[in-house]
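Here is how the chains run, residue by residue.
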Amino acid sequence: MTTATTRAIRVLIADDQMMVRQGFTVLLNAEPGIEVVGQAVDGYDAITKTAELAPDVVLMDIRMPGLGGIDATRRITEPADATVKVLVLTTFDLDEYVYEALRAGASGFLLKDASAGELAQAVRVVAAGDALLAPSITRRLIAEFSRMSGAPRTPLKDRVAGLTERETEVLSLIAQGMSNAEIAVRLVVAEQTVKTHVGRILVKLGLRDRTQAAVFAYETGLVRPTGY
C-alpha cells in the first residue's frame with residue numbers, strides 16, 4: 001500500500017497479445033507500490049498513451065505490428081524532457097533486437113517468462129534508475145552486440161574527453177554492472193560521492209540512466225567486451 005508521500009509506480013503495458021497484457025496487468029496490480037495505468041496494442045498506441053497517461057515505466061514488446069517496440073522506444077525517450085523509462089520484453093535473452101532497443105533508449109530488458117517477483121523487481125529497478133537490470137545478462141548482451149557493431153564511433157568517443165579521470169573510472173565500473181555501493185568499495189570512497197559522480201556523468205554525456213551509460217561506455221571503446 002502506498003502512502004500519500006510515496007506515489008505508486010505508474011506502468012503502461014505495450015504488447016500486441018491480449019493475454020500478455022492482461023496477465024502482466026494482473027501480476028503488477030497485485031504488487032505493492034505499482035499501478036498499471038493502461039495498455040497499448042502496438043507502438044503507435046504506446047506513444048499516444050504515454051503522452052496521455054504519463055507512466056513512469058513502459059513495458060514494451062519488441063515485435064509488434066505497425067510500429068515496433070524499437071521505434072516506439074526511440075520516439076518515447078527522444079525528447080530532452082522525457083522522464084519515462086522503457087523496459088523491453090523479449091522471448092530470447094540474446095535477441096539482437098534487444099541491443100537495438102537499448103541503443104534506442106530502453107533502460108533494460110526482461111524475458112516474457114519472468115516470474116511475478118522478477119517482473120515487479122524489474123519495474124522498480126528501472127523506475128529508480130539506480131542500477132542495471134539483471135547485470136550479468138544485460139552486460140553480456142551489451143558486450144556481444146557492441147562487439148558486432150564494429151569500431152567505436154568517433155563523435156561518441158570524443159565526448160568522453162569532457163569527463164574527469166575519476167568520472168571516467170566510475171563510468172567504466174558502471175558498464176561492468178557495478179552498483180553505487182560496489183563502486184564505492186572499489187574506489188574506497190563514500191557511496192554518496194559515487195552518486196554525485198554518476199549524476200555528473202549523466203548530465204555531461206546527456207544520458208538518461210545507468211543503462212544508457214553502460215551502452216555508451218561500450219560503444220565508445222572505453223570498456224572492451226571480454227570474457228564472453
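Structural notes, computed from the coordinates. Numbering of residues starts from 1 in each chain and follows the order in which that chain's sequence is written. Given that this is a predicted model, residues contribute local features only at a pLDDT of at least 70 and side-chain atom pairs are listed and counted only at 80 or more, while totals for whole chains, interfaces and linings are drawn from all residues. Derived side-chain values reflect all non-hydrogen atoms in the structure, with water molecules and hydrogen atoms excluded from consideration.

**Topic: the overall build of the chain**
What counts, and what does not: The secondary structure listing takes helices from DSSP runs of H or I that are at least 4 residues long and strands from runs of E that are at least 2 residues long, numbered from the N terminus. Using a 1.4 Å probe on the protein chains alone, a residue whose accessible area is under 20% of its type maximum counts as buried, one over 50% counts as exposed, and one in between counts as partly exposed. When checking whether two residues touch, look at their non-hydrogen atoms; a contact exists if any pair is within 4.5 Å. Where accessible areas are quoted, they stem from the Shrake-Rupley method and a 1.4 Å probe; at the residue level, only the protein chains shown are allowed to cover.
A count of helices and strands for the chain gives 11 helices and 5 strands. Expressed as a percentage of its 228 residues, the buried residues of the chain come to 49%. Restricting the contact set of the chain to residue pairs at least 6 apart, pairs at least 24 apart contribute 68%. When the accessible surface of the chain is summed, it comes to about 10800 Å², and 54% of that surface belongs to carbon and sulfur atoms.

**Quick notes on unusual backbone geometry**
Even without a glycine there, the phi angle at Ala54 is positive, about 50°. Inspection of the secondary structure puts Ala54 in the loop between helix H2 (43–53) and strand E3 (57–61). If you check the backbone angles, Val188 has positive phi at about 55° while not being a glycine. Within the secondary structure layout, Val188 lies in the loop between helix H9 (180–187) and helix H10 (191–205). What makes Val188 exposed here is its relative accessible area of 72%.

**Looking at the side chain of Ser172**
Following the sequence through the fold, Ser172 ends up in helix H8 (residues 165–175). Of the residues examined, Ser172 reaches a relative accessible area of 18% and is grouped as buried. Ignoring sequence-local partners within four residues, the contact set of Ser172 consists of Leu222 and Val223.

**Topic: the sheet that holds strand E2 (residues 34–40)**
Our working definition: Any two strands between which DSSP finds at least two bridges are classified as paired. To define axes, lines are fitted to C-alpha atoms, for helices over the stretch in contact only, and angles between the resulting N-to-C directions are given on a 0 to 180 degree scale.
With respect to topology, 5 strands assemble into an open sheet ordered E2-E1-E3-E4-E5, the strand pairing being parallel. The strands lining the two open edges of the sheet, one partner per strand, are E2 and strand E5 (108–111). Between one strand axis and the next, the sheet turns through 25° on average, direction left out of account. In terms of strand pairing, strand E1 (residues 9–14) meets E3 through 4 bridges, oriented parallel. Bridge pairing in E3 places Ile13 opposite Leu59.

**Overview of the pairing of E2**
To keep things clear, this is the line we draw: Handedness of a crossover is defined as follows: with both strands directed away from the viewer, a clockwise route from the first strand across the helix to the second makes it right-handed.
Within E2, 5 of the 7 residues are buried, which leaves the element mostly enclosed by the surrounding structure. Two strands pair when backbone bridges link them, and E1 and E2 are joined in this way by 6 bridges, in the parallel orientation. Bridge pairing links Ile9 to Ile34 in E2. Since E1 and E2 lie parallel, the crossover through helix H1 (residues 18–29) that links them has a hand, and here it is right-handed.

**Quick look at helix H3 (residues 69–77)**
As a reminder of what qualifies: Starting at the helix axis, one direction is taken to each C-beta atom, and the arc is that of these directions.
All of the buried residues along H3 are Gly69, Ile70, Ala72, Thr73, Ile76 and Thr77. Seen along its axis, H3 keeps its buried residues to an arc of 165°; they face one direction.

**Quick look at the packing of H2 against H3**
Worth spelling out the cut-off: Comment on the angle field: the value is read as roughly parallel under 35 degrees, roughly antiparallel over 145, roughly perpendicular from 65 to 115, and oblique elsewhere. Handedness of each helix crossing follows the sense of rotation of the near helix against the far helix: counterclockwise by less than a right angle gives left-handed, clockwise gives right-handed. Throughout this entry, Asp, Glu, Lys and Arg are counted as charged residues, while Ala, Val, Leu, Ile, Met, Phe, Trp, Tyr, Cys and Pro are counted as nonpolar. The remaining residues, Gly among them, count as polar.
For the pair H2 and H3, interaxial distance at closest approach is 9 Å and the crossing angle is 20°. When the interaxial angle is binned, H2 and H3 end up roughly parallel. Relative to H3, the crossing made by H2 is right-handed. Contact residues: H2 offers Gly43, Tyr44, Ala46, Ile47 and Thr50, while H3 offers Ala72, Arg75 and Ile76. For the contact of H2 with H3, the class distribution of residues is 5 nonpolar, 2 polar and 1 charged.

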